[in-house]
Amino acid sequence: MLRSRPALLATAATAVALLSAAPPAMAANVELLRGTVRPASHDARGVATVVARPDGSRTLNLRRFRIDPGPVVRVWLVPKSARSDGRIDDDYKDLGRLKGSKGNQSYRIPKSIDLRRYSSVVFWCVPFTSNLARADLGRS
């Protein structure tokens, strides 16, 4: 079967365009929120960030993190308005047990958590019902 000359030219032009097109850019992690870890009842420092990943998941990342150890420390997301220990204990989202008192760490943030509301990270000592440190997160 013979094609007309204009049809062959259109097919050739399409093939050249497809071959010369740049591959699609790979999706990358996007930093949504950032804050500095500040001491409360224990010495602490580091940087906390919330990152959206290409698969749609979100993580809380701690970088250059260090905190004086406590017996059972949990990582909580709380509203920024939660300033005192008593109010923090009433309204929080638990991300899990602190993985260590120093070093880089990551914690999965469930999709059900509204980061517009829960925009501070608290390192909570369970046995002593005490806020060891916190990081208020703001837009990056």
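Coordinates for the structure precede this section.
Throughout what follows, the structure given in this document is the object of discussion. (Residues numbered from 1 in each chain as written. Predicted model: local features only at pLDDT ≥ 70, side-chain atom pairs only at ≥ 80, totals over all residues. Heavy atoms only, no water.)

Here the focus is the sheet that holds strand 7 (residues 105-109). Read from one edge to the other, the open sheet built from 5 strands follows the order 7-4-3-1-10, with strand pairing classed as antiparallel. The sheet terminates laterally at strand 7 and strand 10 (138-139), the two strands that pair on one side only. Taken together, the 8 bridges between strand 3 (residues 44-52) and strand 4 (residues 58-67) define a ladder with antiparallel strand orientation. In the strand pairing of strand 4, Arg45 is matched with Arg66. (Pairing = 2+ DSSP bridges. Helix = DSSP H or I, 4+ residues; strand = E, 2+ residues; numbered from the N terminus.)

Once that is clear, we can look at the sheet that holds strand 5 (residues 73-78). Spatial strand order, 2-9-8-5-6: 5 strands in an open sheet with antiparallel pairing. Each edge of the sheet is formed by a strand with only one pairing partner; in this case those strands are strand 2 (38-39) and strand 6 (93-97). Note that strand 8 (residues 120-125) and strand 9 (residues 130-136) share 6 bridges and pair antiparallel. Counted as the bridge partner of Ser120 is Asp136 from strand 9.

Nothing here speaks to function; it is geometry throughout.
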